[in-house]
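# Observations on the model geometry
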Amino acid sequence: MAEKKPEEKKDEKKEEKPSPKDNLVETKHSVKIGGKTIKYTVTTGTMVVKEEVWDKEKDAEVDKPRAQMFFVAYTLDGVKDRAKRPITFSFNGGPGSSSVWLHMGVLGPRRVLLTDEGEMPPPPFKLTDNAFSILDETDLVFIDPMSTGYSRPVEGEKSREWHTFSRDIASVGDFIRLYSTRYHRWLSPKFLAGESYGTTRASGLSGYLQERHGMFLNGLILISAVLDFTTIDFNLNNDLPYILFLPAYAATAWYHGKLSFKAPLKEVVREAEEFAKGEYATALLKGAALTPEERASVVEKLSRYTGISKDFIERTNLRIYDQHFFKELLRERGKTVGRLDSRFTGIDRNGVTAMPDYDPLFAQVNGPYTATLNDYLRAELKFETDLPYEILSDKVFLNWSYEYFQNQYVNVAETLRASMTFNKYLKVFVANGYYDLGTPYFATEYTFDHLGLDESLRKNISMGYYEAGHMMYIHIPSLKQLKKDIAKFIKDAS
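Overview of the structure. Keep in mind the model is a prediction, meaning the values are calculated, not measured. (Residues numbered from 1 in each chain as written. Predicted model: local features only at pLDDT ≥ 70, side-chain atom pairs only at ≥ 80, totals over all residues. Heavy atoms only, no water.)

## What to know about the layout of surface pockets
In this model, the largest pocket occupies a volume close to 1,200 Å³. Sorting the residues of the lining of the largest pocket by element identifies β9 (190-196), α9 (322-328), α10 (360-379) and α11 (394-397) as the ones contributing at least two each. The element that contributes the greatest number of residues to the lining of the largest pocket is α10, accounting for four residues. Of the residues contributing to the lining of the largest pocket, the split by class is 24 nonpolar, 11 polar and seven charged. (1 Å grid on protein atoms, 1.4 Å probe; cavity = no way out; pocket = protein on both sides within 12 Å on 5 of 7 lines; lining within 4 Å. Points joined across faces, edges and corners; volume = space filled by probe spheres on them. Helix = DSSP H or I, 4+ residues; strand = E, 2+ residues; numbered from the N terminus. Nonpolar A, V, L, I, M, F, W, Y, C, P; charged D, E, K, R; others polar.)

Next up, the structure:
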């Protein structure tokens, strides 16, 4: 009988997993902006963001790695005093979008090549030097929020924890603090640039950075802004969007030759604005108390400014839902108009449905931006990973939580008002596209007119208007003007 060997004692110490590390690559480049060649350094990669948590075993607070945030940072070479050099932190919206659109469309030194009107060229797609980049005026840091781009939680963490209004702002804000600390930018003039939901995030960050980290900003650059979702949510108990979308409907109808009268674009939208906030707003407020004569007058003018038939307007009870407008305006031509840029048209499978199948703008930009960004990061910036770069994630968008605003509309306008009041030097620039039916310019004006800001601070707000849509920078004439407007804003606010 074999002798039984004594059991070996197991190592009671748990095998510690290696701590996540930053993964960064630096490259050198040059670009010609405004006729002058500038040299710059690009830092690309992921930075580990930690949170202070209580460790029961150690009976102490410890820094626990939670996320690996991806970013691309551009810094001008040869700058002796970084305290005098502005820095702009940029992101897009969604929620669920990476920073690719502002990065490769307007702010960064390389730009996706589309037609001058913003249409997609035949593939394969190309990048070109961006002669209208803002890098000559400010260093740039493009941030991909959690689960977008290459940003991911560390092993053992769940990404959905970041897919909320509050956690999103905290994570992006904490990254900005960490970057500013690591790269010695606390004394630099600081700006945030956001597009669409990115403007919601930027306004929230203006408060978070002040209150949590004591970081005061010089300015916010809000492109296609939405701060108060009351202005864009079409609900049965909310008439405001019907009023605020009307001037952009008029601009769209004008562009497609659907108006019954001839006038310049700016004259058309100004007329539509007066009607919207006057007779039309009064009519919707009256509801069933509207007289037949008043109703007939409103129907006629709605048709005049929208290009939609009086019969259709009657059936809508004077309320043209945005999705119905996209489908109805060019129905007889077999086309739909875009939500994010109503200059573009789409073709649906079925011409009798109430709403369009897709947004024509996304069809123009998705392929070129995705292909060129994926190549750029590897070929030019030398960052390697097998992860998919999440350009626009439905996983994030469809599962986003606005629990912070439970039983009310999402609204960060008050946060911005408080930030501007507490920091009287904080300035805001808002870029608006006349053909944007996602975040219409008139809705943005309404939000800022109702901000409740003291009169002495109103001068800190400025706006620009462009004859394009949500991504107005894909339209070359608008891109040129936007560069001038942003450059002036940064100089004035630094």
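## Some points on the pattern of salt bridges
Here the idea is simple: oppositely charged side chains can pair when their charged atoms come close. Throughout the structure, instances matching the rule amount to 32 salt bridges. A salt bridge links Arg417 to Glu414; the nearest nitrogen and oxygen atoms lie 2.7 Å apart. Of the two residues, Arg417 and Glu414 both sit in helix α12 (residues 413-422), three residues apart, roughly one turn of that helix. Looking at Glu414, the relative accessible area reads 44%, which means it is partly exposed. In this structure, a network of salt bridges that share partners links the residues Glu51, Lys64, Arg66, Glu157, Glu161 and Arg167. (Salt bridge = Lys/Arg side-chain N within 4 Å of Asp/Glu carboxyl O. Buried < 20%, exposed > 50% of the residue type's maximum accessible area, 1.4 Å probe, protein only.)

## A short note on helix α6 (residues 265-286)
For α6, which comprises 22 residues, the first-to-last C-alpha distance of 30 Å matches the rise-based estimate of 32 Å (1.5 Å per residue) to within 8%. Where α6 bends most, at Ala276, the angle is about 40°. Listed as buried for α6 are Leu265, Val268, Val269, Ala272, Glu273, Phe275, Ala276, Tyr280, Ala283 and Leu284. Within two residues after α6, Gly287 carries a phi angle of roughly 60°, on the positive side. (Expected span 1.5 Å × (residues − 1). Bend = angle between axes of the 7 residues up to and from the residue.)

## Describing the pairing of strand β10 (residues 219-225)
With seven of its seven residues buried, β10 lies for the most part within the structure. Across six bridges, the pairing between β9 and β10 is parallel. The partner of Ser196 across the bridge, within β10, is Ala225. Handedness of the crossover joining β9 and β10 through helix α3 (residues 197-213) is recorded here as right-handed. Note: β10 against strand β13 (residues 427-433), five bridges, orientation parallel. Residue pairing across strands places Ile223 opposite Ala431, the latter belonging to β13. (Pairing = 2+ DSSP bridges. Right-handed = clockwise from strand over helix to strand, strands pointing away.)

## Concerning the packing of helix α2 (residues 165-182) against α3
One can describe the packing of α2 onto α3 by two numbers: an axis separation of 9 Å at closest approach and a directional angle of 65°. With respect to the hand of their crossing, α2 and α3 are arranged in right-handed fashion. Seen from α2, the contacting residues are Phe165, Asp168, Ile169, Ala170, Val172, Gly173, Asp174, Ile176 and Arg177; seen from α3, they are Tyr197, Thr200, Arg201, Gly204, Leu205, Tyr208, Leu209 and His213. Taken together, the residues of the contact of α2 with α3 sort by class into nine nonpolar, four polar and four charged. (Axes fitted to C-alpha atoms, helices over the stretch in contact; angles between N-to-C directions. Left-handed = near helix turned anticlockwise from the far one by under 90°. Contact = heavy atoms within 4.5 Å.)

## Section: unusual backbone geometry
Cis geometry is adopted by the peptide bond preceding Pro95, which originates at Gly94 and carries an omega value of -5°. At the junction of Pro123 and Pro124, the peptide bond is cis and its omega measures out at 5° in the coordinates. Along the polypeptide, Pro124 turns up in the loop between β5 (110-112) and β6 (127-129). Residues other than glycine seldom take positive phi values, yet Leu318 does so here, at roughly 70°. Note on placement: Leu318 falls in the loop between α8 (310-315) and α9.

## Section: the pairing of β9
For β9, a buried count of seven out of seven residues is recorded, marking the element as mostly surrounded by other parts of the structure. As paired strands, strand β4 (residues 87-91) and β9 are joined by five bridges and run parallel to one another. Within β9, the position partnered with Ile87 by the bridge is Lys190.

## Some points on helix α5 (residues 246-255)
Most of α5 sits out of view: eight of its 10 residues are buried. Looking only at α5, the buried set comprises Leu246, Pro247, Ala248, Tyr249, Ala250, Ala251, Thr252 and Ala253. Summarising the contacts, the buried residues of α5 are in contact with α4 (240-244), α6, α7 (292-306), α9, β11 (336-337) and α13 (441-449). Of the residues trailing α5, Gly257 is marked for its positive phi of about 65°.

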